[in-house]
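Letter by letter, the chains look like this.
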Amino acid sequence: MRIRFLKHKDAHYPTLGDSSAVLTLSDNKHLVLDYGDSAYGKFHSYYQEPPAAVFIAHNNPSYLVDLEYLFFDAAPNATQTMTLFLPADLVSQFDHHFANVLADDGRRFRDVFKVVSVSTYFYFDGLRFSVFKNPPQSDTITLGVVLPRHFLYTGCTEPNADVVTRFAGRGELVFHDMSFEANCPDKCLAKMESAYSAAILRRTWCYHMTGDVSESDIEQRGLKPVSDRDSFIFNC
């Protein structure tokens, strides 16, 4: 299995990875974690075929927009449904949004997407992925994903020591969101350092940088920024 992060949308970070991670599994099947925030265009700049599956990590309106693009693109040529791993709390919201959205051939949302309601885990390509819910931030729902013994994807900027220690205690790589608010890089990075052990920080890769966080800010703390050129290989 290979993981690659899509290119950052911000021109300030032209070589860094954004929030969407593409897992390439057997037979070149692609599972996209965090499909939103312009993921549709960025994915198709790398890959010719639509993804086999998508995991929705947030209840952000941008996800609805990108899924609409994917729906209309895939519907005319889809010979089988794509799998949409959707947090259980969001299924009714997505069904309501797409209730009156029709492709040119009359197909509806669930004709193109096989919706799998997710709570604590899901299976894809024979692998069992664990899912955890991050602490709520206002009315935002965010989920992280773990493939035990391989990687943890936080899905959220807020350090979560209990979850990361629990799920990434066997040498897993930690992919940590870095979309901090502007003007607080030192404060936010210090918060990460106080939350996690040195052993975890040494295997932490930072993606989705925003605000005033720079590559040098991260590297000076002993962390590693994810580049859109990086490719992480796992033997599953």
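In every chain, residue numbers begin from 1 and rise along the written sequence. In keeping with the model being predicted, local features are shown solely for residues with a pLDDT of at least 70 and side-chain atom pairs are shown and tallied solely at 80 or more, while totals for entire chains, interfaces and linings include all residues. In computing side-chain properties, one takes all heavy atoms of the structure into account and sets aside hydrogens as well as water.

Undergrad: Explain the overall build of the chain to me, using residue names and the numbers behind them.
TA: Every helix listed is a DSSP run of H or I at least four residues long, and every strand listed is a run of E at least two residues long, numbered separately from the N terminus. Helices and strands together make up the secondary structure of the chain, namely eight helices and 14 strands. Per-residue accessibility, obtained with a 1.4 Å probe over protein chains only, is compared with the maximum for each type, and a residue is labelled buried under 20%, exposed over 50%, and partly exposed between these values. Counting every position in the chain, which comprises 236 residues, the buried fraction comes to 52%. Note on contacts: a residue pair qualifies if any of its non-hydrogen atoms lie within 4.5 Å across the two residues. The contacts in the chain between residues at least 6 apart in sequence include a share of 56% that link residues at least 24 apart. Note on areas: Shrake-Rupley with a 1.4 Å probe; residue coverage comes only from the protein chains shown. Summed over its atoms, the accessible surface of the chain is roughly 11000 Å², and 48% of this surface lies on carbon and sulfur atoms.

Undergrad: Summarise the sheet that holds strand β9 (residues 143–147); cite the residues concerned and give the values.
TA: Strands sit in the order β7-β8-β9-β10-β11-β12-β13 across an open sheet of seven strands; the sheet is mixed. Looking at the sheet topology across the chains shown, the edges are occupied by β7 (121–124) and β13 (224–225). Here a strand pair is declared whenever DSSP counts at least two bridges between the two strands.

Undergrad: Describe helix α2 (residues 61–74), naming the residues involved and giving the relevant values.
TA: Multiplying 1.5 Å by the residue count of a helix minus one yields the expected span of that helix. Here α2 contains 14 residues, and its C-alpha end-to-end distance of 20 Å stays within 8% of the 20 Å for a straight helix at 1.5 Å per residue. Looking at α2, one finds that the buried residues are Y63, L64, D66, L67, L70, F71 and A74. For α2, the elements touching its buried residues are α1 (39–46), β4 (53–55), β5 (82–87), α3 (91–97), α4 (109–112) and β6 (113–118).

Undergrad: I'd love a proper account of the environment of G41, names of residues and values included.
TA: In this fold, G41 is placed in helix α1. Assessed through its relative accessible area of 42%, G41 is described here as partly exposed. Spatially, the C-alpha atoms of G41 and L6 are 10.0 Å apart, while their sequence positions differ by 35 residues.

Undergrad: An account of unusual backbone geometry is needed here, citing residue identities and associated values.
TA: Of note, N28 is a non-glycine position whose phi angle comes to about 60 degrees, a positive value. Structurally, N28 can be placed in the loop between β2 (17–24) and β3 (30–33).

Undergrad: Quick one: what's the story with the pattern of salt bridges, residue by residue and with numbers?
TA: Here a salt bridge means any side-chain nitrogen of Lys or Arg lying within 4 Å of a carboxyl oxygen belonging to Asp or Glu. Per the counting criterion, the structure on display carries six salt bridges. One salt bridge in this structure joins R110 and D95, with 2.9 Å as the shortest N-O distance. A residue pair is termed long-range when its members are at least 10 positions apart, and R110 in helix α4 and D95 in helix α3 qualify at 15 residues. Classification of R110 by relative accessible area gives partly exposed; the value is 44%. Residue E172 pairs with R170 through a salt bridge whose shortest N-O separation is 3.8 Å. When its relative accessible area of 0% is taken as the criterion, E172 is described as buried.

Undergrad: Go over the packing of aromatic side chains, please, and point to the residues and values.
TA: When the centres of two rings from Phe, Tyr and Trp lie within 6.5 Å, Trp using its six-membered ring, the rings pair. Their planes under 30 degrees apart give stacked, over 60 give edge-to-face, and anything left gives tilted. One pass over the full model with this rule turns up 20 aromatic pairs. On the basis of an interplanar angle of 70 degrees and a centroid distance of 4.9 Å, the ring pair of F175 and F232 is categorised as edge-to-face. In this pair, F175 is assigned in strand β11 (residues 173–177) and F232 in strand β14 (residues 232–233), connecting sequence segments 57 residues apart. We classify F175 as buried; its relative accessible area is 1%. Residue F232 is classed as buried on the basis of its relative accessible area, which comes to 7%. Put simply, the rings of F5, F151, Y153, F175, W205, Y207, F232 and F234 pair up and form one aromatic cluster. Lysine NZ or arginine CZ positioned within 6 Å of the ring centre and within 35 degrees of the ring normal marks a charge as sitting over the ring. In this structure, K29 is placed above the aromatic ring of F124, and the distance from its NZ or CZ to the ring centre is 5.8 Å. The side chain of R128 reaches across the aromatic face of Y121, ending 4.0 Å from its centre.

Undergrad: Let's hear about the pairing of β7: which residues, and what values?
TA: Burial of β7 is one-sided: the residues F122 and F124 facing one way are buried, the residues Y121 and Y123 facing the other way are not. For β7 and strand β8 (residues 127–133), the ladder comprises four bridges, and the chain directions are antiparallel. For Y123, the partnering residue across the bridge sits in β8 and is R128. The antiparallel hairpin formed by β7 and β8 contains two residues in its connecting segment, where D125 sits at a positive phi of about 55 degrees.

Undergrad: How would you summarise the nonpolar core if you had to cite specific residues and measurements?
TA: Buried Ala, Val, Leu, Ile, Met, Phe, Trp, Tyr and Cys residues that are joined via side-chain atoms within 4.5 Å together make up what is termed a nonpolar core. Formed by 60 residues in total, the largest nonpolar core has its most connected members in L31, F55, F151 and F175. With residues near it in sequence (within four places) discarded, F175 still touches I3, F5, F151, L152, Y153, T154, W205, Y207, V226, F232 and F234. If you look at the next biggest cluster of nonpolar residues, it comprises 18 residues, including M192, L201, C206 and I218.

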